[in-house]
Amino acid sequence: MSTSRATLDLWVGIFVAIGVAAILFLALRVGNLMTFASAPGYHLEARFDNIGGLKLRAPAKAAGVVVGRVERIRLDPGTYQAVVTIKVDQGFQFTADTIASILTSGLLGEVYIGLDAGGDTKMLEDGGTITKTQSAVILEKLIGQFFLDKASSNAAPVSGSSGSMPATASAAPPASGASTAGK
């Protein structure tokens with residue numbers, strides 16, 4: 001009976017170890033910490049007005065293929081722009097008119113830098129700067145702008161009316177129970 005108990009304990013231990021290893025693997029994968037080796041590459045800088053949720057070690061992708069990672073993020077105190085340093089793998093070259101955009105993908109909302117090469121014949125070199133950038137789209141700002149635009153368009157005067165009363169208030173019925181006659 002003790003050998004079957006020992007065998008059961010061994011299998012439970014193996015199962016728990018596999019479970020812990022799987023959770024560790026997923027945690028490292030989600031946190032972009034799976035790249036242990038430092039591949040040779042070169043550095044490019046890009047300036048953005050807003051980087052949204054971009055983090056260190058976020059991927060840089062071209063046509064959906066990971067070509068590098070974000071290595072450094074800092075704020076330029078003179079222009080108040082985010083300066084992002086990207087380490088691009090040595091096997092990939094980008095033209096001087098490359099466009100860098102901050103994009104979001106997937107269910108977890110992974111934020112990454114999308115690189116779209118242009119048609120220039122001159123290539124970016126180590127320490128080069130990507131001058132054409134597109135900042136992150138902030139959903140909260142879009143929603144706020146949408147409601148602000150709606151509110152301002154609803155408050156516009158009706159064309160052809162003689163007064164400056166907003167269109168939404170011009171045909172409002174009196175409140176129930178309120179008498180307007182004789183007062």
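Note that the structure is predicted; figures quoted are calculated from it, not measured.

Let us now look at the overall build of the protein. Summing up its helical and strand segments, the protein has two helices and eight strands in all. Secondary structure elements of the protein occur, N-terminal to C-terminal, as α-β-β-β-β-β-β-β-β-α. Sorting the 183 residues of the protein into buried and exposed places 21% on the buried side. Within the protein, contacts between residues separated by at least 24 positions form 61% of all contacts whose residues are at least 6 apart in sequence. Surface accessibility of the protein: about 12800 Å² in total, with carbon and sulfur atoms responsible for 63%.

A few words now on the packing of aromatic side chains. This model, assessed by the stated rule, comprises one aromatic pair. Ring geometry for Phe146 and Phe147: centres 5.5 Å apart, planes at 65 degrees, overall edge-to-face. For Phe146, a relative accessible area of 47% gives the class partly exposed. Looking at Phe147, the relative accessible area reads 52%, which means it is exposed. One cation-aromatic arrangement involves Lys61 over Tyr112; the distance from NZ or CZ to the ring centre is 4.6 Å.

Our focus in this paragraph is the nonpolar core. Within the largest apolar cluster, 24 residues are counted, with the highest numbers of intra-cluster contacts made by Phe48, Leu54, Val84, Phe94, Ile113 and Leu115. Elements that contribute at least two residues to this core include exactly β1 (41-48), β2 (59-62), β3 (65-75), β4 (82-89), β5 (99-105) and β6 (110-116). In contact with Val84, other than residues within four places in its own chain, are Leu44, Glu45, Ala46, Phe48, Ile51, Leu54, Val70, Arg72, Ile73 and Ile113.

Relative to the helices and strands, Thr98 resides in the loop between β4 and β5. Owing to a relative accessible area of 1%, Thr98 belongs among the buried residues under this scheme.

This brings us to the sheet that holds strand β7 (residues 128-130). Across the sheet, which stays open at both edges, the eight strands sit in the order β7-β1-β4-β3-β2-β6-β5-β8 with mixed pairing between neighbours. Unpaired on one side and paired on the other, β7 and β8 (132-134) mark the two borders of the sheet. The average angle at which neighbouring strand axes cross in this sheet is 35 degrees, direction not considered. With seven bridges joining them, β5 and β6 adopt antiparallel strand pairing. Each residue of the ladder has a partner; that of Thr104, found in β6, is Val111.

On to a nonpolar patch on the surface. A contiguous nonpolar surface patch, about 640 Å² in accessible area, is contributed by Val137, Leu139, Leu142, Ile143, Phe146 and Phe147. In this fold, Ile143 is placed in helix α2 (residues 139-154). Ile143 sits in the partly exposed class, given a relative accessible area of 41%.

Right, let's get into unusual backbone geometry. Peptide bonds are trans in most cases, and residues, glycine excluded, mostly fall at negative phi. In this model, Arg57 sits at a positive phi of 70 degrees, which is unusual for a non-glycine residue. Considering the arrangement of structural elements, one finds Arg57 in the loop between β1 and β2. In this structure Arg57 comes out as partly exposed when scored by relative accessible area, which is 38%. In this structure, Tyr80 takes a positive phi of about 60 degrees despite not being glycine.

The predicted model of the protein has a mean per-residue pLDDT of 81, with 77% of residues at 70 or higher. The least confident element of the protein, judged by mean pLDDT, is α2 at 80; the most confident is β4 at 94. Below a pLDDT of 50 lies the segment residues 161-172, which in the model reaches eight contacts outside its immediate sequence neighbourhood of four places, other chains included. Here residues 176-183 is a poorly scored stretch, pLDDT under 50, and it has one contact once near neighbours within four places are set aside; other chains count.

Rules used in this analysis
Residues numbered from 1 in each chain as written. Predicted model: local features only at pLDDT ≥ 70, side-chain atom pairs only at ≥ 80, totals over all residues. Heavy atoms only, no water. Helix = DSSP H or I, 4+ residues; strand = E, 2+ residues; numbered from the N terminus. Buried < 20%, exposed > 50% of the residue type's maximum accessible area, 1.4 Å probe, protein only. Contact = heavy atoms within 4.5 Å. Areas by Shrake-Rupley, 256 points an atom, 1.4 Å probe, with all protein chains shown as cover. Phe/Tyr/Trp six-rings, centres within 6.5 Å; stacked < 30°, edge-to-face > 60°. Lys NZ or Arg CZ within 6 Å of the ring centre and 35° of its normal. Core = buried A, V, L, I, M, F, W, Y, C linked by side-chain atoms within 4.5 Å. Pairing = 2+ DSSP bridges. Axes fitted to C-alpha atoms, helices over the stretch in contact; angles between N-to-C directions. Patch = residues over 30% accessible without salt bridge, like charges linked within 9 Å, V, L, I, M, F, W, Y side chains within 5 Å. Salt bridge = Lys/Arg side-chain N within 4 Å of Asp/Glu carboxyl O. pLDDT = per-residue confidence, 0-100.

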